[in-house]
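If you want the building blocks of each chain, they are given just below.
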Amino acid sequence: MSDATIDKLQRRFDPEAASGMHEVFQFHFSDAGDHYLVVDDGTLEVHEGEHDDPSVSLSMSTETLKGVMNGEINGVSAFMTGRLKATGNVMLATQLTRLFPGH
């Protein structure tokens, strides 16, 4: 994940949407290094590497993540067509667009 993508995530993060949430989102990118997001009661930390106990793990390309975050790709259809793979608490993945609203 590029620094620009990380900066964008941090700028778009909605602390109110994350109030009371304590979750770890692991990203495995096919075309970049692994990263994970720690959402802890309205705060966001972005780390490189792999977390040992993520709430949900998502595997995709960085382009798929961008498309989902921009609303150009429907996350559910990306999952159904295999562009996005998820393990763990899969329902958490549906929270990403609420935590990182596009507008």
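The structure under discussion appears in the preceding block.
Described in the following lines is the structure provided in the data block. (Residues numbered from 1 in each chain as written. Predicted model: local features only at pLDDT ≥ 70, side-chain atom pairs only at ≥ 80, totals over all residues. Heavy atoms only, no water.)

Taken together, the 6 bridges between strand β1 (residues 22-29) and strand β2 (residues 35-40) define a ladder with antiparallel strand orientation. Bridging across to β2, Gln26 finds its partner in Tyr36. Counted along the chain from β1 to the antiparallel partner β2, the turn is 5 residues long. In this sheet, strand β4 (residues 56-60) lies alongside β1 in parallel orientation, the contact comprising 5 bridges. Note that in β4 the partner of Phe29 across the bridge is Met60. (Pairing = 2+ DSSP bridges. Helix = DSSP H or I, 4+ residues; strand = E, 2+ residues; numbered from the N terminus.)

All buried positions along helix α2 (residues 62-70) are accounted for by Thr62, Thr64, Leu65, Gly67, Val68 and Met69. Those residues of α2 that are buried are in contact with α1 (3-12), β1, β4, α3 (75-80) and α4 (96-99). The first or second residue beyond α2 is Gly71, which carries a positive phi of 85 degrees. (Buried < 20%, exposed > 50% of the residue type's maximum accessible area, 1.4 Å probe, protein only. Contact = heavy atoms within 4.5 Å.)

On to the packing of aromatic side chains. Per the stated rule, a full pass over the model turns up 2 aromatic pairs. Ring centres 5.6 Å apart and planes at 50 degrees place the aromatic pair Phe13 and Phe100 in the tilted group. Of the two residues, Phe13 sits in the loop between α1 and β1 while Phe100 sits in the segment after α4, which places them 87 residues apart along the sequence. What makes Phe13 buried here is its relative accessible area of 12%. What makes Phe100 buried here is its relative accessible area of 0%. (Phe/Tyr/Trp six-rings, centres within 6.5 Å; stacked < 30°, edge-to-face > 60°.)

Looking at the element boundaries, His47 is found in strand β3 (residues 43-48). Sequence spacing of His47 and Ile6 is 41 residues, and the spatial spacing of their C-alpha atoms is 9.6 Å. When sequence neighbours within four positions are dropped, the list of residues in contact with His47 reads His35, Tyr36 and Val38. Within the structure, the side chain of His47 is placed 2.9 Å from the side chain of Glu45, a separation counted as a polar contact. (Polar contact = N/O pair within 3.5 Å; in protein donor to acceptor, adjacent residues only side chain to side chain.)

Rolling a probe over the atoms, with the probe sized like a water molecule, indicates the empty space that remains. For the largest pocket, the calculated volume is near 340 Å³. Along its surface, the largest pocket is lined by 16 residues, and Gly75, Val76, Leu84, Ala93 and Thr94 are the ones closest to its centre. Secondary-structure elements contributing two or more residues to the lining of the largest pocket are β4, α2, α3 and α4. The biggest single contributor to the lining of the largest pocket is α3, with 3 residues. Of the residues that constitute the lining of the largest pocket, the class distribution is 12 nonpolar, 4 polar and no charged. (1 Å grid on protein atoms, 1.4 Å probe; cavity = no way out; pocket = protein on both sides within 12 Å on 5 of 7 lines; lining within 4 Å. Points joined across faces, edges and corners; volume = space filled by probe spheres on them. Nonpolar A, V, L, I, M, F, W, Y, C, P; charged D, E, K, R; others polar.)

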